[in-house]
Amino acid sequence: MTSRHILFCFFLCFSMVAQSPKRELRGVWIATVQNIDWPSPRNYNAYTQQEEFIDLLNSHQKTGINALFVQVRTAADAFYAKGDEPWSAYLSGIQGQAPKPSYDPLAFMIQESHARGMEFHAWLNMNRGSMSTKNVLSSNHIVRLHPEWMVVYNNQHLFNFGLPEVRQYITKIVKNIVQAYDVDGIHFDDYFYPYPIKNAHFNDDEAYEKYKLPNESLADWRRRNINLLVEDISKTVKSVNPRVKFGISPFGIWRHKSSDPENGSPTRNGLQSFDDLFADTEKWTKSGWLDYLAPQLYWGTTHKVATFGPLANWWSEHGYGRPIYIGHAAYHLTDQWNTSELSKQLSMARGLGQVKGSIYFSSSQLTKNIKGWRDSLRTTHYKDMALVPTMPWLDSIPPTAPHKVSLQKQSGKWTMRWQVGEPSLDKDPPAYYVVYKIRRSEGLRGLENPANIIYKGQKNEYIIDPSELQTGYGFVVTAFDRLHNESPAGTIQWIVPNTP
């Protein structure tokens, strides 16, 4: 490729930034471990914790974020009341001590998120029993109850995934959350087997000797353990609530091409999740166990070893029918990056067929508007509202069109109203509605333009701002179900001359 072609591709990608799609997941990771994002350090008052979370939500809502990935289990602890694991010390300062005044953080966060039209994904850490072997653990903590399930590594207690009872325990934790809470998704990060440390041994030797298959290598046995766990969790989630999404955010390199010439990515150095973390994302997606992958592509577009563009393209080509949500390192705005780097990444991601959105790590860089990135999202990249992509393998049946759509002037205000349509084929009720303002010349084609969306919400009416009342325009409402399938349009309400 000539330098002229490279320059052309760069400008082509960059020009795509402003062309936001109608369907795009726009997410943030909200890390609770060590109080990274929420609640703030030493904020142990339930009222101020709730105020902080509402402020965080309102900020993200204004930015255009439509999905939250909130860490509710950091190290075999809980940010929720309905479970067997002890309360997290990051909530109250003391592990096992409930928030004061009493409240259920997970139930509260889900309710507030849904009220703002955002998906809520419960993010769980899979491998940690403790952040440190020096942590003061409550009497009912799993490390105290079952120390034989743990391996001490890097001064942490880590679960031994080679033990069937460990895999059953983690699956039970997930099952309880899906049964007890109205979550949109279950989400795991990149911690399976631990990141390797030079000259350190992860001592699962006894379990390996007990449970390995004949002639099975240690690496293959560990991968099989993780595969069994991922499959069990997937089946459990779907058996409890088949509409709940299950996704994982793996390390950004599966394998180098030098390790796997047929399927490897165009990288040559560094850690490989397949070989070092024993996470075989290829098998998970090919087997249909996951509903999405969110690879952590935390390197820049000019990184010499792991370049963002080629890696994003590799993941797009290895989704196997499942969407890829790119994980962006917003935290690099605090050190080496400026907003132009993230703009280029977002542009490149939007140009890839199987990439259906982005997730930023982490929330604080957006809410604090580090280097103006939040402003850039609001005014440019996310200027138009985006709707969450559908997942037809979970639900492909849309609601019916809203009925009795009307546009009337009452008490000096023009109000659009509608009623729920007939029951859909799967009997799912509408979860929310979207109102579009379209030109007469566009007709229903205008529903594909996100710039035409002027309302998204659960109410059955919308008060139209007088500035929106323009001759030659009309208003259309559609209904969406929980999995974001869109109904046919209700009756178009056209603005006629002299309407005001």
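Enquirer: So what about the overall build of the chain? Which residues, and what values?
Expert: When its secondary structure is counted, the chain shows 14 helices and 17 strands. Across the chain, contacts joining residues at least 24 apart in sequence account for 72% of those joining residues at least 6 apart. Taken as a whole, the chain presents about 21400 Å² of accessible surface, with 51% of it coming from carbon and sulfur. Of the charged side chains in the chain, 53 are positive and 48 negative; the average position of the first set lies 5 Å away from that of the second.

Enquirer: Help me get a handle on the sheet that holds strand β15 (residues 461-464), residues and values and all.
Expert: If you walk across this open sheet you meet the three strands as β11-β12-β15, and the pairing is antiparallel. In the strand order of this sheet, the two ends are held by β11 (403-410) and β15, each with one partner. Across the sheet, the mean angle from the axis of one strand to that of its neighbour is 15°, orientation sign disregarded. Sheet topology note: the strand β12 (residues 413-419)/β15 ladder contains four bridges and is antiparallel. By the bridge assignment, Trp414 is partnered in β15 with Ile464.

Enquirer: Any details on the pattern of salt bridges? Residues and values, ideally.
Expert: Taken as a whole and assessed by the stated rule, the structure comprises 24 salt bridges. The salt bridge partner of Arg116 is Glu112, with a shortest N-O separation of 2.7 Å. There is no split in this pair, since Arg116 and Glu112 are both buried. In this structure, a network of salt bridges that share partners links the residues Arg243, Asp395, Asp426 and Asp428.

Enquirer: Could you give an account of the confidence of the model for the chain, naming the residues involved and the relevant values?
Expert: Confidence in the prediction of the chain, expressed as mean pLDDT, is 94, and 95% of residues score 70 or more. When the criterion is pLDDT under 50, residues 1-18 qualifies, and its contacts beyond four places in sequence or with other chains add up to 16 contacts.

Enquirer: Describe the environment of Arg378, and please don't skip the residues or the numbers.
Expert: Looking at where Arg378 falls in the secondary structure, it is placed in helix α14 (residues 373-381). C-alpha separation for the pair Arg378 and Leu447, spaced 69 residues apart in sequence, amounts to 21 Å. The contacts of Arg378, once residues within four sequence positions are left out, are Ser59, Lys62, Thr63 and Lys383. Side-chain polar atoms of Arg378 contact the side chain of Thr63, separated by 3.0 Å.

Enquirer: Help me get a handle on the packing of helix α2 (residues 46-63) against helix α4 (residues 105-115), residues and values and all.
Expert: As a packed pair, α2 and α4 sit with axes 11 Å apart at the nearest point and diverge in direction by 30°. Taken together, α2 and α4 sit at an angle that is classed as roughly parallel. Crossing of α2 against α4: the hand is right-handed. On α4, the residues touching Gln50, Phe53, Ile54 and Leu57 of α2 are Phe108, Met109, Glu112 and Ser113.

Enquirer: Lay out unusual backbone geometry in plain terms, naming residues and giving numbers.
Expert: Residue Pro39 follows Trp38 across a cis peptide bond; omega there is -20°. If you trace the backbone, Pro39 turns up in the loop between β1 (25-30) and α2. At the junction of Phe361 and Ser362, the peptide bond is cis and its omega measures out at 5° in the coordinates. In this model, Lys371 sits at a positive phi of 55°, which is unusual for a non-glycine residue. Looking at the secondary structure, you find Lys371 in the loop between α13 (363-367) and α14.

Enquirer: How would you sum up the packing of aromatic side chains? Please name residues and give values.
Expert: For the structure shown, the criterion picks out 31 aromatic pairs. Ring centres 6.3 Å apart and planes at 45° place the aromatic pair Trp38 and Phe79 in the tilted group. Linking Trp38 in the loop between β1 and α2 with Phe79 in the loop between β2 (67-73) and α3 (89-92), this pair joins segments that are 41 residues apart in sequence. Taking the relative accessible area as the measure of exposure, Phe79 reaches 0% and is therefore buried.

Enquirer: Explain the side chain of Asp190 to me, and be specific about the residues and the numbers.
Expert: With respect to the helices and strands, Asp190 occurs in the loop between β6 (185-188) and α7 (205-211). Buried Asp190, no salt bridge; nearest opposite-charge side chain is Arg128, N-O distance 7.7 Å. At 3.2 Å, the side chain of Asp190 forms a polar contact with the side chain of Gln296. Among residues more than four places away in sequence, those in contact with Asp190 are Tyr195, Ser249, Pro250, Phe251, Leu277 and Gln296.

Enquirer: How would you sum up the sheet that holds strand β13 (residues 432-439)? Please name residues and give values.
Expert: Spatially, β14-β13-β16-β17 is the arrangement adopted by the four strands of the open sheet, whose pairing is antiparallel. Each edge of the sheet is formed by a strand with only one pairing partner; in this case those strands are β14 (453-457) and β17 (493-494). Sheet topology places β13 next to β14; four bridges connect them, and they run antiparallel. Paired with Val434 across the strands is Lys456, a residue of β14.

Enquirer: Describe the environment of Pro196, and please don't skip the residues or the numbers.
Expert: Assignment of secondary structure puts Pro196 in the loop between β6 and α7. The partly exposed category is assigned to Pro196, whose relative accessible area is 48%. When the C-alpha positions of Pro196 and Leu277 are compared, they lie 7.8 Å apart, and in sequence the two are 81 residues distant. In contact with Pro196, other than residues within four places in its own chain, are Tyr153, Leu271, Asp276 and Leu277.

Enquirer: Let's hear about the packing of helix α12 (residues 339-350) against α14: which residues, and what values?
Expert: Close contact between α12 and α14 brings their axes to 10 Å; oriented N to C, the two are set at 40°. The angle between α12 and α14 places the two elements in the oblique class. As for how α12 packs across α14, the hand of that crossing is right-handed. Where α12 abuts α14, its residues Thr339, Leu342, Ser343, Leu346 and Arg350 lie against Trp373, Ser376, Leu377 and His381.

Enquirer: Requested: an account of α14, with residues and values cited.
Expert: Residues of α14 that are buried include every one of Trp373, Arg374, Ser376, Leu377 and His381, and no others. For α14, the buried positions fall inside an angular range of 160° around the axis, keeping them on one side.

Enquirer: Quick one: what's the story with the pairing of β6, residue by residue and with numbers?
Expert: Of the two faces of β6, both are covered, the one formed by Gly185 and His187 as well as the one formed by Ile186 and Phe188. Relative to β6, strand β3 (residues 119-124) runs parallel, the two being bridged by four bridges. When the sheet's bridge partners are listed, Ala122 is paired in β6 with Ile186. Relative to strand β7 (residues 245-248), β6 is paired through four bridges, and the arrangement is parallel.

Parameters at a glance
- Residues numbered from 1 in each chain as written.
- Predicted model: local features only at pLDDT ≥ 70, side-chain atom pairs only at ≥ 80, totals over all residues.
- Heavy atoms only, no water.
- Helix = DSSP H or I, 4+ residues; strand = E, 2+ residues; numbered from the N terminus.
- Contact = heavy atoms within 4.5 Å.
- Areas by Shrake-Rupley, 256 points an atom, 1.4 Å probe, with all protein chains shown as cover.
- Lys, Arg positive; Asp, Glu negative; His and termini not counted.
- Charge placed at Lys NZ, Arg CZ, Asp CG, Glu CD.
- Pairing = 2+ DSSP bridges.
- Axes fitted to C-alpha atoms, helices over the stretch in contact; angles between N-to-C directions.
- Salt bridge = Lys/Arg side-chain N within 4 Å of Asp/Glu carboxyl O.
- Buried < 20%, exposed > 50% of the residue type's maximum accessible area, 1.4 Å probe, protein only.
- pLDDT = per-residue confidence, 0-100.
- Polar contact = N/O pair within 3.5 Å; in protein donor to acceptor, adjacent residues only side chain to side chain.
- Parallel < 35°, antiparallel > 145°, perpendicular 65-115°, else oblique.
- Left-handed = near helix turned anticlockwise from the far one by under 90°.
- Phe/Tyr/Trp six-rings, centres within 6.5 Å; stacked < 30°, edge-to-face > 60°.
- Arc of directions from axis to C-beta.

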